[in-house]
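Chain residues, written in single-letter form:
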Amino acid sequence: MRKIIFVISLFTTILYADFTEISTALPDICFSNVAWGDYDSDGDLDILMTGETDSSYVSRVYRNDGSNVFTDIEAGLLGLTRGKDAARWGDYDNDGDLDVLICGT
């Protein structure tokens, strides 16, 4: 019984946690996937995003410049949508920097 109460208590804490909404220039997308990673090793998290806008499919990397400013680095990735867990960071070639894996339609 204690385990069940703990899980419910933990869920309630997460459910009612305080979040702060920030304003950014990121595009509105649907059928999307987002992954956080520090690709430029500057200590803040950058965004890898895939999905569908009103007019196109997108796959973009946004550098976190601080103060809620994210800049599209124009990585030249193929625009994709509808991929389950389709955006991931990882060090594929073991060189110490993050690489990108994207998949989808």
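To be clear, the structure that these remarks concern was listed above.
Quick caveat: nothing in here was measured; it's all calculated off a predicted structure. (Residues numbered from 1 in each chain as written. Predicted model: local features only at pLDDT ≥ 70, side-chain atom pairs only at ≥ 80, totals over all residues. Heavy atoms only, no water.)

Asks: Provide a residue-level description of the packing of aromatic side chains, including the pertinent values.
Replies: Taken as a whole, this structure holds 2 aromatic pairs when the rule is applied. Between Trp36 and Phe70, the ring centres sit 6.3 Å apart and the planes meet at 65°, which makes this aromatic pair edge-to-face. Pair noted here: Trp36 is in strand β1 (residues 30-37) and Phe70 is in strand β4 (residues 69-72), with a separation of 34 residues, a long-range link. A cation over a ring is seen here: Arg82 above Phe31, with NZ or CZ 3.6 Å from the ring centre. (Phe/Tyr/Trp six-rings, centres within 6.5 Å; stacked < 30°, edge-to-face > 60°. Helix = DSSP H or I, 4+ residues; strand = E, 2+ residues; numbered from the N terminus. Lys NZ or Arg CZ within 6 Å of the ring centre and 35° of its normal.)

Asks: Just give me the short version of unusual backbone geometry, but keep the residues and values in it.
Replies: Phi at Glu74 is positive, roughly 50°, even though this residue is not glycine. In this fold, Glu74 is placed in the loop between β4 and β5 (87-90). On the basis of relative accessibility, which here comes to 67%, the residue Glu74 falls in the exposed class. Backbone geometry places Arg82, a non-glycine residue, at a positive phi of 55°. Following the sequence through the fold, Arg82 ends up in the loop between β4 and β5. (Buried < 20%, exposed > 50% of the residue type's maximum accessible area, 1.4 Å probe, protein only.)

Asks: Help me get a handle on the nonpolar core, residues and values and all.
Replies: Judged by nonpolar contacts, Ala35, Leu48, Val61, Ala87 and Trp89 together constitute the single largest core of 5 residues. Once residues lying within four places of it in the same chain are set aside, the contact partners of Ala35 are Asp46, Ile47, Leu48, Ala87, Arg88 and Trp89. (Core = buried A, V, L, I, M, F, W, Y, C linked by side-chain atoms within 4.5 Å. Contact = heavy atoms within 4.5 Å.)

Asks: Describe the environment of Gly37, listing the residues and the values that go with them.
Replies: Tracing the chain through its elements places Gly37 in strand β1. A relative accessible area of 5% places Gly37 in the buried class. Linking Gly37 and Asn64, residues 27 residues apart in sequence, is a C-alpha distance of 10.0 Å.

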